[in-house]
Structures are given as structure tokens and as C-alpha cells.
Amino acid sequence: MQAQARAGVLTALLAAAALAAGGEGPDPARPYVEAIRKVNQDHARKPGKTREPELAKRVPKPARASLERLLGAGDSPAALDALLACGEAALELDLLEDFERIRARLEKSSSERARRLGIALSHPRFLIRGLGGLSAGYLERFADVLDAILDAYGEVYGFEEWSKVPGKKLRVRLHLEEKAAGAPHFAPQFEFHSEIDYPVEDGAAFRSPTAGGKFLFYGLCHELGHLIAMWGDAKREEDHHAWAHYTGVAIVEHLARGAKDRPALSGLADVRWRSLEIERKRLEGRRASLADRDGTLALLIALHDALGPRALGGAINLLDRQDRRLRLNGVRYYTFRELKQALLAGAKTAEEKKAAASLIPDGPGK
Ligand SMILES: [Zn+2]
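All values derive from a computational prediction rather than experimental measurement.

The rules behind these values
Here the residue numbering is sequential within each chain, running from 1 through the sequence in written order. Only residues with pLDDT of 70 or above have their local features reported here, since the model is predicted, and side-chain atom pairs are shown and tallied only from 80 upward, although totals for entire chains, interfaces and linings are computed over all residues. Helical segments are the DSSP runs of H or I of at least four residues, strand segments are the runs of E of at least two, and each set is numbered from the N terminus. With C-beta atoms placed from the backbone, a residue is buried if 20 or more other C-beta atoms are within 10 Å of its own, exposed if 12 or fewer are, and partly exposed between those counts. We call two residues in contact whenever the C-beta atoms placed from their backbones are within 7 Å. Criterion used throughout: strands pair if DSSP finds at least two bridges between them. Geometry is summarised by axes, namely lines fitted to C-alpha atoms with helices restricted to the contacting stretch, and by angles between N-to-C directions that run from 0 to 180 degrees. Oblique is the label for any angle not covered by the other classes, which are roughly parallel (under 35 degrees), roughly antiparallel (over 145) and roughly perpendicular (65 to 115). Lys, Arg, Asp and Glu make up the charged group, whereas Ala, Val, Leu, Ile, Met, Phe, Trp, Tyr, Cys and Pro make up the nonpolar group; the residues left over, Gly among them, are polar. Domain start and end points were adopted from an automatic or database domain assignment. Residues enter a nonpolar core if they are buried, belong to Ala, Val, Leu, Ile, Met, Phe, Trp, Tyr or Cys, and are joined to the set through C-beta atoms within 7 Å. To estimate the expected span of a helix, subtract one from its residue number and multiply by 1.5 Å.

Draft legend 1. Just the overall build of the chain, in detail. Scanning the chain from terminus to terminus reveals 15 helices and eight strands. Each of the three principal axes of the chain carries a C-alpha extent, and together these read 80 × 45 × 35 Å. For the chain, the residues scored as buried account for 42% of the 366 residues in total. Relative to all contacts within the chain whose residues are 6 or more apart in sequence, the contacts with residues 24 or more apart total 67%.

So, in C-alpha cells, the structure goes:
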């Protein structure tokens, strides 16, 4: 046992020395990981119109060569750890070909690391990482649902830029949990993209609501509402958590209308409990205000009905183009005062102007 352990250490040392001799320094993952970080950093500083596939081409040759060397290196723990780190870095720039080669290499030599790396699926608008043993089929099903939701957001609101870093695809981190998974949430902390963390309890099928009564489908629509717009600032939630609920139910309702034409949406019954119609009825007679959650929800629904959701989408797009509103950790924070100004700027008729001006009270926002 001891001899074996010593042999293992020796192999690791030799591998590290071999890599060092190639001029790699102590961490063999570093050239590749750092190169990807630099491409992302340069892009985040000045995104322009560049999209992620073009960014991927900017990884310099020496960094790519260092990955080739690692893929061809022996099975030392250091080399395998480095491969895992490179696999994760590949996802930071949607380098799916690299990711798949790394995953295949780890599956051959370290199933435990391959499991930690998980699987991935890349679509034009998003990149999904699946962890905890989720199948490729599950990721595909989830991707079909997410595609339908993003199409619906496009049809209803026409939001132009989803990611807090323009040009970068959205990320979803899907992970299978054995019991009592938490709720999906928008994870704002990532430097170079916007991500949704999405725990799953049933890896066999994407159903909603779940047997345990979780609205997974509405939950995804809701989290995308947070992702596109936060309100107030770090201390003050100006929308009283009404915005994401409003866009969430609006999207669920919109998709329910065309559900029979989209096989991806079969088995999703959330609209029976989560819809704009239900909220409109519940809030009948309620005055629009910014005082609490239901007042704000009534305000958003009144704007939706008076101006149409495209006006709300257009106002957010205008504020994004101006790019003067608050950003925290890159995440866009809006105020209702700014929304009102943007709606007034986009209003085409006197009635629309009047609706925007009379419905939105002058809140404390700047
Ligand atoms: Zn929420």
C-alpha cells in the first residue's frame, strides 16, 4: 500500500516536472484557464457587438497547445486536476469541443472527476451545465423548454440583451439533488455572464408542477424576470418582488396559448395556478402603488394593460442603451422613476403618455 502510494506521488512529481520542463510553471491548467479569463475580461471591459462564438476564437495558440499537452499527459492527480479546471474554464467561453474532449479523457482516467465536471449543452442563446448525474436527454428537454420561454419573452416584451455582459450566452447550472432541493434562483455573482442556479429532484422527466407541488416551469420564467431586471439597489427592493412574478405569470400564460404546437411544453400545467388572469382577478380594485408587493403588482399589470408589454420591454431596452442606471456586480438595477421616463420617451400617443405618467407614482428612486 505504502509503496503504491509512494509510486503515485512519484508519478505526480514526474508529471509536474515534465510539465514544468515545458515552461508551464507549477499549475499546468494555468495557461489555458488564464487565457480564457483574459479574453472574458477584455470583452467585459468593452463588449461592443461581439458575440461569444467570436470570443472563443481569441484564445491564443500557446494556451490551446497547453491543453493539448495536458490531454496527452499521464494520469497523475495533478494532470487530472488540471484537466478538470480546464474543463470548467472551457465552459466560461462556451468552448464545447474542448469541454467534450476533456470530459472523455476524464471518463477514461477518473470517473470521479468526470462526474464533478458534469455534462454540458450549448445552444445559440444559452449554455447548460448538468451535474449530479443528470442525463443528456434531460438537458435537451430542459433546453427545449428554455428556448420556448426565451421565444415567449421575445414575443411578449422584445428584450434585446439578456446577459449582464452583452454578447455572452446565459448560463444555467442544473443539478440533481437527492432530496429537498432548494428553489431555482438567479445567481448574480459570476463576473462574465448571467447564470440561473436550478436544482432538480427528479432527473427522469421535466414535469411541472412536480409531485411535491413545485412550479418548476413558472420558476424558470420568474427567475428570467430577475435576470433581465432588478429593482432598487442592494438595500431597497423597489419592486417588492413583484416584477419577476409579473413577467413569470405573463410568460406562463402566453405559452399556454400556443402549448399544443410545442411538444416541449406538454406536461407543464402551471397556468392553472400561475397566470396573469388569476392575478388580474385577485387584484381587482386594488390601487397601483409602490407601497407593497400587491400594489406594485397591480401597477405592473395596469401598465401591461394600458401600454402593452412591448412598451415595458422597449423602456428597459432604452435604459440599457443609455446604460446609466445602477449596476451592482454588473447586474442591472432599475428604478420606477427611470422606467417612467423611458415609457414617456417611448409613448406614441397622448393616452400612452397619460397612462405612464398617472400610473407610476414618483418613488424614492433617482
Ligand atoms: Zn423571485
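Further notes follow.
Draft legend 2. Expanded view of the pairing of strand β2 (residues 126-131). Of all six residues in β2, five are buried, a share of seventy percent or more. Bridging between strand β1 (residues 119-122) and β2 involves four bridges; their strand directions are antiparallel. Across the sheet, residue A120 finds its bridge partner in β2, namely R129. Between β1 and β2, which pair antiparallel and follow one another directly, the connecting turn spans three residues.

Draft legend 3. Molecular detail of unusual backbone geometry. Omega for the peptide link from S208 to P209 comes to -5°, which places this bond in the cis form. Examined against the element boundaries, P209 turns out to sit in the loop between β5 (195-200) and α9 (216-228). Positive phi, close to 50°, is recorded for H240, a residue that is not glycine. Within the secondary structure, H240 is located in the loop between β6 (230-231) and α10 (243-257). Phi is positive for H241, close to 60°, though the residue is something other than glycine. Within the element layout of this structure, H241 appears in the loop between β6 and α10.

Draft legend 4. Examining the packing of helix α14 (residues 336-346) against helix α15 (residues 350-359) more closely. In the contact formed by α14 and α15, the axes pass within 9 Å of each other and the chain directions differ by 170°. Classified by the angle their axes make, α14 and α15 are roughly antiparallel. Where α14 approaches α15, its residues K340, L343 and L344 are matched on the opposing element by K353, A356 and A357. Across the contact of α14 with α15, the residue classes break down as four nonpolar, no polar and two charged.

Draft legend 5. Inspection of the domain arrangement of the chain at higher detail. In terms of domain boundaries, the chain breaks down into domain 1 (2-117) and domain 2 (128-359). Computed over C-alpha atoms, the centres of domain 1 and domain 2 are 35 Å apart. Counting residues at the interface gives 10 residues for domain 1, matched by seven residues for domain 2. For the side of domain 1 that touches domain 2, the secondary-structure elements that each account for two or more residues are α2 (30-45) and α5 (77-92). Ranked by the residues each element gives to the side of domain 1 that touches domain 2, the list is headed by α2, at three residues.

Draft legend 6. Broad picture of the sheet that holds β5. Strands sit in the order β1-β2-β3-β5-β4 across an open sheet of five strands; the sheet is mixed. The open sheet is flanked by β1 and β4 (185-187), the only strands paired with a single partner. Neighbour to neighbour, the strand axes of the sheet diverge by 25° on average, direction disregarded. Lying on the sheet, helix α8 (residues 136-156) is in contact with β1, β2 and β3 (170-176); it crosses β2 at an angle near 145°.

Draft legend 7. Molecular detail of the environment of L117. Note on placement: L117 falls in helix α7 (residues 111-117). C-alpha separation for the pair L117 and V200, spaced 83 residues apart in sequence, amounts to 17 Å. If sequence neighbours within four positions are ignored, L117 has contacts with L84, G87, E88, R103 and L106.

Draft legend 8. Seen up close, the pairing of β5. When β3 meets β5, the two strands line up parallel, connected through six bridges. In the strand pairing of β5, H175 is matched with P199.

Draft legend 9. A look at the nonpolar core. Core analysis: the biggest nonpolar cluster contains 100 residues, and L83, C86, I128, F142, I149, F217 and I251 have the highest contact counts within it. Look past the residues within four positions of F142 in its chain and what remains in contact with it is I128, L174 and F206.

Draft legend 10. Helix α12 (residues 293-307), seen in detail. Taking 1.5 Å as the rise per residue, α12 with 15 residues should run 21 Å; its terminal C-alpha atoms sit 21 Å apart, in good agreement. Buried within α12 we find T296, L297, A298, L299, L300, I301, L303 and L307. Of the residues one or two after α12, G308 is the one with positive phi, at around 90°.

Draft legend 11. Structural context of the sheet that holds strand β7 (residues 327-328). In spatial order, the strands read β6-β8-β7; together these three strands make up an open sheet with mixed pairing. Strand pairing shows two members of the sheet lacking a second neighbour, β6 and β7, which therefore form its edges. In this sheet, strand β8 (residues 331-334) lies alongside β6 in parallel orientation, the contact comprising two bridges. If you follow W231 over to β8, its bridge partner there is Y334.

Draft legend 12. Region of the structure containing the packing of helix α13 (residues 309-322) against α14. Running from N to C, α13 and α14 point in directions that differ by 110°, and their axes come no closer than 9 Å. The angle between α13 and α14 falls in the class roughly perpendicular. Packed against α13, whose contacting residues are A311, G314, A315, L318 and L319, the element α14 presents E338, L339, A342, L343, A345 and G346 at the interface.

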